[in-house]
Amino acid sequence: MIVISPKAPAESIVAFVKGWMRLLAEGRVEVACALLDEPNRYGITWTPRLIQETVNSTFSPESRFYETHPEGPIFTNPFELEEQLEIEVVEFDDKRGYAFDYDVPLNGEWSDLTAQFEFLKRSDGYAVVLHDLHVL
């Protein structure tokens, strides 16, 4: 659970997601997964193995990504990159929480892989849900 400032929800959410991505870059994927509070709406609970398998299958050796990154996908700390141009936190129409899509930083740049997060209102804060990892 996280606390989201009602006056600045985007700041709270972006800070959490950037910190979460930094954990991936530091190889602390288990810690990052422990910060996810609930499975997504399809019942998927993201584990370190599932995250790595998803990234590896998205950027397989047959992909264009490998032409410029034959070493394969390596998570990058987002704090080491210039900020993304488009960052938009969207409140759900029913006010049950927020959605936020964030490009996953890989190999020193922003990738086409997007992490879709949901922050769902609960009695003691907002549950963090990684809804999906995919190329938009």
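Just so you know, these numbers come straight off a predicted model, no measurement behind them. (Residues numbered from 1 in each chain as written. Predicted model: local features only at pLDDT ≥ 70, side-chain atom pairs only at ≥ 80, totals over all residues. Heavy atoms only, no water.)

### As for the pattern of salt bridges
Pairing between side chains becomes possible if they bear opposite charge and their charged atoms approach one another.
Okay, step 1: Enumeration over the complete set of coordinates arrives at seven salt bridges.
Okay, step 2: Between glutamate 83 and lysine 18 there is a salt bridge, with the nearest N and O atoms lying 2.7 Å from each other. Here glutamate 83 is found in the loop between helix H4 (65–68) and strand S1 (89–91), whereas its partner lysine 18 is found in helix H1 (residues 9–25), with 65 residues between them in sequence.
Okay, step 3: Judged by relative accessible area, which is 33%, glutamate 83 ranks as partly exposed.
Okay, step 4: A relative accessible area of 13% means that lysine 18 is categorised as buried.
Okay, step 5: Arginine 28 is the partner of glutamate 26 in a salt bridge, and the nearest nitrogen-oxygen pair spans 3.1 Å.
Okay, step 6: Judged by its relative accessible area of 39%, arginine 28 is partly exposed. (Salt bridge = Lys/Arg side-chain N within 4 Å of Asp/Glu carboxyl O. Helix = DSSP H or I, 4+ residues; strand = E, 2+ residues; numbered from the N terminus. Buried < 20%, exposed > 50% of the residue type's maximum accessible area, 1.4 Å probe, protein only.)

### Quick notes on the packing of aromatic side chains
Okay, step 1: In this structure the tally under the stated criterion is seven aromatic pairs.
Okay, step 2: A ring pair is formed by tyrosine 102 and tryptophan 110, whose centres lie 5.5 Å apart and whose planes are at 90 degrees; its orientation type is edge-to-face.
Okay, step 3: With 6.1 Å between their ring centres and 20 degrees between their planes, phenylalanine 117 and phenylalanine 119 make a pair best called stacked.
Okay, step 4: Overall, the relative accessible area of 1% leaves phenylalanine 117 in the buried class.
Okay, step 5: Given the relative accessible area of 0%, phenylalanine 119 is considered buried.
Okay, step 6: Within the aromatic cluster, the residues linked to one another by ring pairs are Phe16, Trp20, Phe117 and Phe119.
Okay, step 7: Here the guanidinium or amino end of arginine 96 rests over the ring plane of phenylalanine 92, the centre of that ring lying 4.0 Å away. (Phe/Tyr/Trp six-rings, centres within 6.5 Å; stacked < 30°, edge-to-face > 60°. Lys NZ or Arg CZ within 6 Å of the ring centre and 35° of its normal.)

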